[in-house]
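Residue-level structure breakdown
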Amino acid sequence: MGSRSRSSNRWLSLLMVVVVLATGVVLYGVWRTTNAARTADASSPLTVRYRTDTPATAPVGRPWLEVINTSDQPVELHKVTLRYYFSDDDGAGYASNCLQTALRCSNVTQVVSAMPKPATIATHYLRVGFTSAAGTLAPGQTSQGIGLQLYRLDRKNLDQADDRSFDPALSSYAPSTRVTGYVDGVLLWGEEPEGAPPAASPRPSNAPTGTLFDNFHYADVADPAVTANGWQARTDGGGPGIASTWSADAISFPANRKALGGQVLQLQVTTDGTREGTRQAELIGIDNTFLTGTIAARIHFTDKPAAGRNGDHVMESFCTISPESTSKRYNELDFEYQPNGGWGAPGPKLDTTSWRSAAQGDRTTRALNRSLAGWHTLMITAVDGTVTYSVDGKPVFSSGGKTFPREPMRIHLNAWLIDLPFAGERTWNMQVDWIYAVDGKAVSVAQVQRAVDGLHRNGINYINTTNRQ
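For the structure given in this document, a descriptive report is provided here. (Residues numbered from 1 in each chain as written. Predicted model: local features only at pLDDT ≥ 70, side-chain atom pairs only at ≥ 80, totals over all residues. Heavy atoms only, no water.)

Side note on the overall build of the chain
We count it as follows: A run of H or I in DSSP counts as a helix once it spans at least four residues, and a run of E counts as a strand once it spans at least two, with each numbered from the N terminus. Just to be clear, the radius of gyration here is over C-alpha atoms, and the globule rule we use is 2.2 Å times residues to the power 0.38. For the purpose of counting charges, residues Lys and Arg are taken to be positive, whereas Asp and Glu are taken to be negative. His and the chain ends are not included. By convention, the point assigned to a charge is CZ for Arg, NZ for Lys, CD for Glu and CG for Asp.
Regarding its fold elements, the chain presents two helices and 32 strands. Taking 2.2 N^0.38 as the reference for a compact globule, 469 residues should give roughly 23 Å; the C-alpha atoms of the chain span a radius of gyration of 25 Å, in line with that estimate. Charge separation in the chain, taken as the distance between the mean sites of 43 positive and 43 negative side-chain charges, equals 7 Å.

Here is the structure:
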């Protein structure tokens, strides 16, 4: 084309098509109408294969995809996007996650979008992309399988029978033209449904080195992605709280419109006033750890139970703790919110505590005596020998010396009861929107929020690029 300026006729747009020459694959620009059928033919330089192992009705859909470079030129994966089309059920909200891939799930992005003009069997699509760290596919090379999961936020079963890209007959990888593939926004594989929006060239994105982020996009606590991403629900006995009452069933991931991506981690405490009738919740980052730098979480505290009588000495906590209590380098950094107080002190209050060892009382602590009901960003910064605790960007406590981290600590998110002061059924819910950490440096709450928003905008639900994963 001699000129790439826009035509005054708004019904025209630029389409790049592939012309295969003896010397390689060259892209040229040609004009087309926006309502022209967009279909990639079998000679495409990009092939997308698909398989699934779920029936039409299932709690979680599993579209597993594979990208093959069938050209004689290298393809940078960050320029590639895929679309898996489906039809929504009852106007339900949807979310997805990455389960496994040789590319690492930290390098796979996912965004669920609505079609601007819904088709009969395609009202939405899952857009899959890749960060710059995903690398390049050489000619003939495959990405290998990319294991994805798609689910309803209300946890009802999916009805996949009328989903355009769903094909229960493909239980082994096979080319599927109902999944579309693009390079730099140009359709090179598959058949778009009527009304599909044009694909823009993807912006290069990266999972920054030394970063941990999770916005808790999981179907339920049994979702294999929970374990794959380094988390474990506590089910053993012992303290703190009421012994032998830790339950994986107390952990869920419900929809919440005020949360990033519309979903949260929920830690629930239920009791009838007896140990046998008590259930506490804790999610532990077995492979997600923190040493120095900044770690933050957006948490919703509550001053009242979701059901039942108020008055429990309930604890809503965000902590980092050494894996072994007997370690000579033991450290623990705690945020512990007590809406009704505890251990003889009235509430509401937030205890910020740095432990020098696991021995009782070997710590330094300070209480913030006010209600924190609602959403707050809690942040711990550990740099230059000082640990600083802050709430919504305002420092509330600092410690140093032996309380400064000496070994990687696991992340703990939990809700539990100090005691059982009365009979009767009641329920408490603590919610977590996201968790974010960056190695070795102090950042402001505004910088944390910008980073979190950027990761979400780029479709990154989980990353761990720290050197301790």
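From this point, the narrative continues.
Remarks on the sheet that holds strand β18 (residues 231-233)
What counts here: Strand pairing is assigned whenever DSSP identifies at least 2 bridges connecting the two strands. Axis definition: a line fit to C-alpha positions, over the contact stretch in the case of helices; interaxial angles, taken between N-to-C directions, run 0 to 180 degrees.
Here we have seven strands laid out as an open sheet, ordered β18-β21-β30-β23-β24-β25-β26, and antiparallel in their pairing. The open sheet has two edge strands with one neighbour each: β18 and β26 (363-368). The average undirected angle you get between the axes of adjacent strands in this sheet is 15°.

Things to note about the nonpolar core
Heads up, the condition is: What we call a nonpolar core is a set of buried Ala, Val, Leu, Ile, Met, Phe, Trp, Tyr and Cys residues that are connected through their side-chain atoms within 4.5 Å. A simple rule labels every residue: compare its accessible area, found with a 1.4 Å probe on the protein chains alone, to the largest value its type can have, and call it buried under 20%, exposed over 50%, or partly exposed in between. Contacts: residue pairs with any heavy atoms within 4.5 Å of one another.
Of all hydrophobic cores here, the largest spans 50 residues; its most connected members are Phe 216, Trp 231, Leu 265, Leu 267, Ile 299 and Phe 318. In this view, Phe 216 contacts Trp 231, Phe 253, Gln 263, Leu 265, Leu 283, Leu 413, Val 432, Asp 433, Trp 434 and Ile 435; residues no more than four positions away in its chain are not counted. Grouped together as the second largest cluster of nonpolar side chains are 34 residues, Cys 98, Val 128, Phe 166 and Leu 188 included.

Describing the packing of aromatic side chains
Rules: Centre distance within 6.5 Å is the pairing criterion for rings of Phe, Tyr and Trp, where only the six-membered ring of Trp is used; planes under 30 degrees apart are then read as stacked, over 60 as edge-to-face, and the remainder as tilted.
Under the criterion given, the structure shown has 10 aromatic pairs. Ring geometry for Phe 335 versus Tyr 389: centroids 5.3 Å apart, planes at 85°, classification edge-to-face. Taken as a pair, Phe 335 in strand β24 (residues 332-338) and Tyr 389 in strand β28 (residues 386-391) lie far apart in primary sequence, 54 residues in all. Taking relative accessible area as the criterion, Phe 335 reaches 0% and is therefore assigned buried.

That is the geometry; function is a separate question.
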